[in-house]
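Given next are the chains, with one letter for each unit.
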Amino acid sequence: AKMKFCLNDFEHLKLPGGFDLLISMSAGIVSKPCTRFLRIGGYFLVSDAHFDARTVALDKRFALLGVYDMKSKKLDTKDLKSCLVTST
């Protein structure tokens, strides 16, 4: 497998649909403008520091696969609906 890491400001990227994984750690709500950079079937690893994980969870284009529990230091993959309380 070939890996390439890019540390960049999403406003300056020129690669629509070019990434298998996007990581957003406390970058604000970037899921909507950055979705265009994600390949179909790709993953978006996002923190909820600015409610971006909740934004992604409400987007029908994404499926929530897991939530990291800081207390137990484990990835929870069951009962995910109760992990993010959202309102629409």
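Computed from a predicted model, the values in this text were never measured in an experiment.

Q: Is there a simple way to think about the overall build of the protein chain in this case?
A: A tally of helices and strands in the protein chain yields two helices and four strands. Its C-alpha atoms put the protein chain at 35 × 35 × 20 Å along the principal axes. Sorting the 88 residues of the protein chain into buried and exposed places 26% on the buried side. For the protein chain, contacts bridging at least 24 residues in sequence account for 24% of all contacts bridging at least 6. Entry remark: accessible area of the protein chain is about 7300 Å², with carbon and sulfur atoms responsible for 59%.

Q: Please clarify how the pattern of salt bridges should be interpreted in this entry.
A: Side-chain pairing between opposite charges can occur once the charged atoms of the two side chains come close. Considering all chains together, one arrives at two salt bridges under this definition. The salt bridge involving Arg 39 is made with Asp 20; its shortest N-O contact spans 3.2 Å. Of this pair, Arg 39 sits in strand β2 (residues 38-46) while Asp 20 sits in strand β1 (residues 19-24), and the two are 19 residues apart along the sequence.

Q: Would you mind going over the nonpolar core with me for this structure?
A: One broad trend across soluble globular proteins is that nonpolar side chains are buried collectively. Counting 12 residues, the largest nonpolar core is built from Leu 13, Phe 19, Leu 22, Val 30, Cys 34, Phe 37, Leu 38, Phe 44, Val 46, Ala 53, Val 56 and Phe 62. Contributions of two or more residues to this core are made by β1, β2 and α2 (52-58). Broken down by element, this core gets its largest block of residues, three residues, from β2. If we skip the residues at most four places from it in the chain, Cys 34 touches Phe 10 and Leu 22.

Reading guide: rules and limits
- Residues numbered from 1 in each chain as written.
- Predicted model: local features only at pLDDT ≥ 70, side-chain atom pairs only at ≥ 80, totals over all residues.
- Heavy atoms only, no water.
- Helix = DSSP H or I, 4+ residues; strand = E, 2+ residues; numbered from the N terminus.
- Buried < 20%, exposed > 50% of the residue type's maximum accessible area, 1.4 Å probe, protein only.
- Contact = heavy atoms within 4.5 Å.
- Areas by Shrake-Rupley, 256 points an atom, 1.4 Å probe, with all protein chains shown as cover.
- Salt bridge = Lys/Arg side-chain N within 4 Å of Asp/Glu carboxyl O.
- Core = buried A, V, L, I, M, F, W, Y, C linked by side-chain atoms within 4.5 Å.

Bear in mind that shape data such as this cannot, by itself, settle questions of function.
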